[in-house]
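# Understanding the architecture of this molecule
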Amino acid sequence: MPDVEYMLFCCRDLEPQCGFRVQAKTTEETMEHARAHMASEHGMKEISRETETKMKEKIKPVKVEE
Ligand SMILES: [Zn+2]
């Protein structure tokens, strides 16, 4: 079984109370989900460049068995 690499974002890294996790095949796709989550769950309608950079830093590759 080949492992597939996904980009994982754990909201906990920015919002310690939050258990949201999202993974997608590319960083950009993961960021889209993460941004939508930040807007709906954390009231961040506008995500500052600083926060965006922080989010991208937290995204890490994970191996998933398909
Ligand atoms: Zn969250």
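Computed from a predicted structure; not experimentally measured. Starting from 1, residues in each chain are numbered consecutively following that chain's sequence as written. It should be noted that, the model being predicted, local features are given only for residues of pLDDT at least 70 and side-chain atom pairs only at 80 or more, the latter also being counted only at that level, while totals for whole chains, interfaces and linings use all residues.

## Brief notes about the nonpolar core
To count as a nonpolar core, a set of buried Ala, Val, Leu, Ile, Met, Phe, Trp, Tyr and Cys residues must be joined through C-beta atoms within 7 Å. As a rule, residues whose C-beta atom has 12 or fewer other C-beta atoms within 10 Å are exposed, those with 20 or more are buried, and those in between are partly exposed; C-beta atoms are placed from the backbone. Grouped together as the largest cluster of nonpolar side chains are seven residues: M7, F9, C11, A34, M38, M55 and I59. A helix here means a DSSP run of H or I that spans at least four residues, while a strand means a run of E at least two residues long, and both kinds are numbered starting from the N terminus. For this core, the secondary structure elements donating two or more residues are strand 1 (3-10) and helix 1 (27-42). Leave out the neighbours within four places in its chain, and M55 touches F9, L14, M31 and A34. We call two residues in contact when the distance between their C-beta atoms, placed using the backbone, is within 7 Å.

## Considerations on the confidence of the model for the protein
A score from 0 to 100, pLDDT tells how confident the predictor is in each residue. For the protein, mean pLDDT is 95; residues scoring 70 or higher make up 100% of the total. Mean pLDDT across the elements of the protein bottoms out in strand 3 (residues 60-65) (92) and peaks in strand 2 (residues 21-24) (98).

## Considerations on helix 1
Considered for burial, the residues of helix 1 that qualify are T30, A34 and M38. In a view along the axis of helix 1, the buried residues occupy a sector of 75°, so they form one face of it. More than 90 degrees from the buried face of helix 1, the exposed residues found are E28, A36 and S40. The elements touched by buried residues of helix 1 are strand 1, strand 2 and helix 2 (49-58). With its phi angle positive at about 65°, G43 sits one or two positions after the end of helix 1. Picture the helix axis, draw a direction to every C-beta atom, and the arc is the one those directions span.

## Points about the sheet that holds strand 1
Only strands joined by at least two bridges in the DSSP assignment are considered to pair. Strand order in this open sheet of three strands is 2-1-3, and the pairing throughout is antiparallel. The sheet terminates laterally at strand 2 and strand 3, the two strands that pair on one side only. Neighbour-to-neighbour, the strand axes of the sheet open up by a mean angle of 40°, direction not taken into account. Here strand 1 runs beside strand 3; their pairing, made up of six bridges, is antiparallel. Bridge pairing in strand 3 links L8 to K60. Axis geometry follows a simple rule: fit a line to the C-alpha atoms, using only the stretch in contact for helices, then measure angles between N-to-C directions, giving values from 0 to 180 degrees. Most of the contacts of helix 1 go to strand 2, to which it runs at about 150°, and overall it touches strand 1 and strand 2.

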